[in-house]
Amino acid sequence: MNDMRIVERDVDTQKAKITARGVQVHYGTTHALKDVNVDILDNTVTAFIGPSGCGKSTFLRCLNRMNDTVASARVSGEILIDGENIYDKRVDPVQLRAKVGMVFQKPNPFPKSIYDNVAYGPKIHGMTRNKADLDEIVESALRKAALWNEAKDRLNAPGTGLSGGQQQRLCIARAIATSPEVLLMDEPCSALDPIATAQVEELIDELRASFSVVIVTHSMQQAARVSQRTAFFHLGNLVEYGETGTIFTNPTDPRTESYISGRIG
Amino acid sequence: MTDATASGLPEARSQGGASLLQQDALMKRRNAAEARFKFYGIAAISISLITLCVMLWTIFSDGVSAFRQASLELTVTIDPERLDPEGDRSLESLSKVTTIGYGNLLSGALNDYMAERNISVEGVTPKQVGDFISRDAPARLRNMVLADPDLLGQTIRFSTFASGRIDGYLKGRVTMASAERDSNITPAQLQLADRLVEAGVLTSAFNWRFLTNPDASDQRPESAGLGIAIIGSLYMMFLVAIMVLPIGVAASIYLEEFAPKNKWTDIIEVNISNLAAVPSIVYGILGLAIFINFAKLPASAPIVGALVLTLMTLPTIIIATRASLRAVPPSIRDAALGVGASKMQTVFHHVLPLAAPGILTGTILGLASALGETAPLLLIGMVAFVANYPASPLDGGFFDPATALPVQVYSWASRSDPAFIERSSGAIIVLLAFLLAMNIIAILLRRRFERRW
């Protein structure tokens, strides 16, 4: 089967960055996520795929406790990042989110300047002493997000004035400016055209060097293109999790196979 | 390809060969319904516009004349013999002469002038000539002389309001026909008024004192002004603004962004909505019981009025503020929380600036409704006759008796002399000008703070 792999991958020896054990999520009376166990590796792009409403975004939002903002959501089980349970009572979700950045489905820059968008995170986390440091962080974040060349002459222009793809890259720059260790992306390309999508995908691959990236996507081609590991969710269950090549070419579960071949979804 | 699509689609509606160039019966009914609805809408708007025009026309046609005032320009010799019988120019002896003495002096001056110019109309007695002069004038002249005894013996130009009926005649409110039935004026006096206008003694001009004078008694409508009412209203608006904005915005932010959603917050929410619908006079009773009877604050004071209006306006402002907070897209909150902002930082750095235009508009509209509120102020005694200006805010002016514009409108409208009805409409014009100014400020602030997201 090895010759069927889409990309040659060498991930088996890496250590787990995030470990989820027995994660259950309820929204009111709805059981949205049922007993999810998964190990997400460091310096790897992990894709979550599955039909709409299968719980993949819910699980993603558990990883930085964004579900805390939903009043009816209840999360049980444990999620360890570097061995620490993020649902421990002593963990402040605000501090956690500095470590686990997030990019959303729809580009949502603040209605402020491009510079302020990127500088906001470092500022509130007190990462800089002076303006020069901050300038440096902003520049490096924009460079990593492949936006520097387009934005360097208009750092004071409003972020909302950029095109959709640029806005999404600005949001990525904003997320990586706080130097997170994990970057969560919730369908980051669903609002973008193919060219912008290609740019963002390229970016994701580069970001893998510094972060553990988790991406939720509806596009199986995208999952195949950017990820090294793929998890397939269906009706709140984690059906199958493994190397992307294996999942797409030789899935063990019939549901995975049906989804990938387009029979359910 | 998948099993879902094969049979699920509805079949295309069979048209039976009907032409697209012809409307079928159903289409005609649908179009007719739409046309009817449009007609109702236009009719409703037209009726409101006509009503508004009638209202404005009534107010302006009645009220604009309040800003003009007839006055008499007299040359008066301050006769020491009549005003200072003891001849020592001391304050005590000067104050022994009452306003009646000064009234006679002024009336004499006008009669002398007429004799000099040979102006006379049959049937007008010298006393009736004296009635031309406002009852306000003798007191003013007396105060001038008491303040400056050197005026004794001098001949000065003294400008005074004409009395209300003469003023009304110049504005067309009093006519020969109405004078026949009026015990306060005769047609002969009106003829004399015509002669005096010709002679240039009796003139009509824009009346700033309408905006600055305090209220006056029933006997002298010509000198009644809005000065104290305007000051009282300004004091109250200032106090209401500085109390209602922080309390209202803080309460809304807490309820909207921080408070847990449970039955307690539900109860609070329902109660805020209900409080917004409580008749304003109920707040007046509340203010009377709490602020005046219990807290022993002075009656008729702007501070009490402001507290009552604050209570009354708070629910409106909280509802408006919560609506504008809710209108901020959740993606902005997600974005801020996603980069690790705390709840407080999210609200104050991102949500509040975006909600600011809506909050400011809501607040100013709430203030505008408070500015026009009459009923609660009646109960806390702001309808009282106040003749002295309140002190400046730094000297405790908020605790001095004052009235307010809408209350002044009410109290003038209920007086018998028609000159007060004119002034009542004039006061409404001033009130409308205030409201217009506040609405313009609301629009400008909205423009200034509006940002797209």
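Basis of the calculations
- Residues numbered from 1 in each chain as written.
- Chains lettered and ligands numbered in written order.
- Predicted model: local features only at pLDDT ≥ 70, side-chain atom pairs only at ≥ 80, totals over all residues.
- Heavy atoms only, no water.
- Domains from an automatic or database assignment.
- Contact = heavy atoms within 4.5 Å.
- Buried area = accessible area lost by both parts, 1.4 Å probe.
- Salt bridge = Lys/Arg side-chain N within 4 Å of Asp/Glu carboxyl O.
- Polar contact = N/O pair within 3.5 Å; in protein donor to acceptor, adjacent residues only side chain to side chain.
- Axes fitted to C-alpha atoms, helices over the stretch in contact; angles between N-to-C directions.
- Helix = DSSP H or I, 4+ residues; strand = E, 2+ residues; numbered from the N terminus.
- Parallel < 35°, antiparallel > 145°, perpendicular 65-115°, else oblique.
- Left-handed = near helix turned anticlockwise from the far one by under 90°.
- Nonpolar A, V, L, I, M, F, W, Y, C, P; charged D, E, K, R; others polar.
- Pairing = 2+ DSSP bridges.
- pLDDT = per-residue confidence, 0-100.
- 1 Å grid on protein atoms, 1.4 Å probe; cavity = no way out; pocket = protein on both sides within 12 Å on 5 of 7 lines; lining within 4 Å.
- Points joined across faces, edges and corners; volume = space filled by probe spheres on them.
- Buried < 20%, exposed > 50% of the residue type's maximum accessible area, 1.4 Å probe, protein only.
- Core = buried A, V, L, I, M, F, W, Y, C linked by side-chain atoms within 4.5 Å.
- Patch = residues over 30% accessible without salt bridge, like charges linked within 9 Å, V, L, I, M, F, W, Y side chains within 5 Å.
- Areas by Shrake-Rupley, 256 points an atom, 1.4 Å probe, with all protein chains shown as cover.

**Focus: the domain arrangement of chain B**
Residues and elements named next belong to chain B.
Consideration 1: One can read the domain layout of chain B as domain 1 (68-207) and domain 2 (227-449).
Consideration 2: Of note, the centres of domain 1 and domain 2, computed from C-alpha atoms alone, are 46 Å apart.
Consideration 3: With six residues of domain 1 in contact, the opposing surface of domain 2 contributes five residues.
Consideration 4: Counting each side, the surface lost to burial between domain 1 and domain 2 is near 390 Å², with a carbon and sulfur contribution of 29%.
Consideration 5: When the buried surface of domain 1 facing domain 2 is broken down by residue, R165, K171 and R173 rank first, second and third, together holding 76% of it.
Consideration 6: A salt bridge links D417 to R165; the nearest nitrogen and oxygen atoms lie 3.3 Å apart.
Consideration 7: Scanning the region where domain 1 abuts domain 2 turns up four residue pairs in polar contact (both at pLDDT 80 or more).

**Observations regarding the interface of chain B and chain A**
Consideration 1: Each side of the interface is counted separately: chain B has 20 residues, and chain A has 22 residues.
Consideration 2: Here chain B and chain A share an interface that buries about 1,700 Å² over both sides, 62% of which is from carbon and sulfur atoms.
Consideration 3: It is L337, V339 and H350 of chain B in chain B that bury the most area against chain A; as a group they hold 30% of the surface buried on that side.
Consideration 4: Across the chain B-chain A interface, the total number found is zero salt bridges.

**Examining the packing of helix α4 (residues 131-144) of chain A against helix α6 (residues 164-176) of chain A**
All names here are of chain A.
Consideration 1: At a minimum axis separation of 8 Å, α4 and α6 run at an interaxial angle of 130 degrees. Of the possible angle classes, the one that applies to α4 and α6 is oblique. In this structure, α4 crosses over α6, and the sense of that crossing is right-handed. Taken together, the residues of α6 that come into contact with α4 (itself represented by A141, L142 and K144) are L170, A173 and I176.
Consideration 2: When grouped by side-chain class, the residues that make up the contact of α4 with α6 number five nonpolar, no polar and one charged.

**What about the sheet that holds strand β7 (residues 182-186) of chain A?**
Residues and elements named next belong to chain A.
Consideration 1: On the basis of which strands lie adjacent, the open sheet formed by six strands has the order β6-β7-β8-β3-β9-β10 and mixed pairing. The open sheet has two free edges, formed respectively by β6 (100-103) and β10 (237-243), since each of these has just one partner strand. Between one strand axis and the next, the sheet turns through 15 degrees on average, direction left out of account.
Consideration 2: With four bridges joining them, strand β3 (residues 45-49) and strand β9 (residues 229-234) adopt parallel strand pairing. The residue of β9 that forms the bridge with I49 is F232.
Consideration 3: Here α6 sits on the sheet in contact with β6 and β7, set at roughly 170 degrees to β6.

**Considerations on the confidence of the model for chain A**
Consideration 1: Of the residues in chain A, 94% have a pLDDT of 70 or more, and the chain-wide mean is 87.
Consideration 2: Low pLDDT, under 50, characterises residues 1-5 of chain A; the stretch is placed with three contacts to residues that sit more than four places away or in other chains.

**Examining the side chain of T44 of chain A**
Consideration 1: Here T44 of chain A is to be found in the loop between β2 (30-41) and β3.
Consideration 2: Among the polar contacts listed, one links the side chain of T44 of chain A to the backbone oxygen of D42 of chain A, at a separation of 2.8 Å.

**A short note on the layout of surface pockets**
Consideration 1: If you add up the space inside the largest pocket, you get close to 730 Å³.
Consideration 2: Every residue lining the largest pocket is counted, 27 residues in all, and those nearest its centre are G130, D131, I133, S134 and R135 of chain B.
Consideration 3: Residue contributions to the lining of the largest pocket peak at five residues, all from helix α5 (residues 99-117) of chain B.
Consideration 4: For the lining of the largest pocket, the residue count by class is eight nonpolar, 12 polar and seven charged.
Consideration 5: If you trace the second largest pocket, you find 17 residues lining it, with T69 of chain A together with E256, E257, R333 and K343 of chain B closest to the centre.

**Observations regarding the sheet that holds strand β1 (residues 16-27) of chain A**
Residue and element names in this part refer to chain A.
Consideration 1: Reading across from one edge, β2-β1-β4-β5 is the order of the four strands in this open sheet, with antiparallel pairing throughout. Sheet topology places β2 and β5 (84-85) at the edges, where each strand pairs with a single neighbour.
Consideration 2: Of the pairings in the sheet, the one linking strand β4 (residues 73-81) to β5 comprises two bridges and is antiparallel in character. By the bridge assignment for β5, I81 is matched with E84.

**Details of the pattern of salt bridges**
Residue and element names in this part refer to chain A.
Consideration 1: On inspection of all chains with the given rule, the structure shows 29 salt bridges over all chains.
Consideration 2: D135 is the salt-bridge partner of K131, the closest N and O atoms lying 3.0 Å from each other. Taken together, the residues span about one helical turn, with K131 and D135 both in helix α4 at a distance of four residues.
Consideration 3: Classification of K131 by relative accessible area gives exposed; the value is 54%.
Consideration 4: Among the charged side chains, a network of salt bridges with common partners joins K17, D82, K99 and E181.

**Structural notes on the nonpolar core**
Consideration 1: Grouped together as the largest cluster of nonpolar side chains are 52 residues, with contacts concentrated most on L226, L309 and L377 of chain B.
Consideration 2: Listing elements by their share of this core, those giving two or more residues are α12 (227-258), α14 (280-294), α15 (302-326), α17 (343-371), α19 (405-413) and α20 (418-449) of chain B.
Consideration 3: Ranked by residues supplied to this core, first place goes to α15 of chain B with 10 residues.
Consideration 4: The residues touching L377 of chain B, leaving out its near neighbours within four places in the chain, are M236, G305, L309, M382, V383, A404 and V407 of chain B.
Consideration 5: Core analysis: the next-biggest nonpolar cluster, separate from the first, contains 45 residues, V103, V138, L142 and A224 of chain A among them.

**As for a nonpolar patch on the surface**
Consideration 1: On the surface, a cluster of nonpolar side chains totalling about 600 Å² of accessible area is made up of I45, L49, L52, M55, L56, F60 and V64 of chain B.
Consideration 2: Within the secondary structure layout, L56 of chain B lies in helix α2 (residues 25-63).

**Points about the environment of I124 of chain A**
Consideration 1: Mapping I124 of chain A onto the fold places it in helix α3 (residues 114-124).
Consideration 2: Residues I124 of chain A and C54 of chain A lie 70 residues apart in sequence; the distance between their C-alpha atoms is 35 Å.
Consideration 3: When sequence neighbours within four positions are dropped, the list of residues in contact with I124 of chain A reads V339, G340, A341, Q345 and H349 of chain B.

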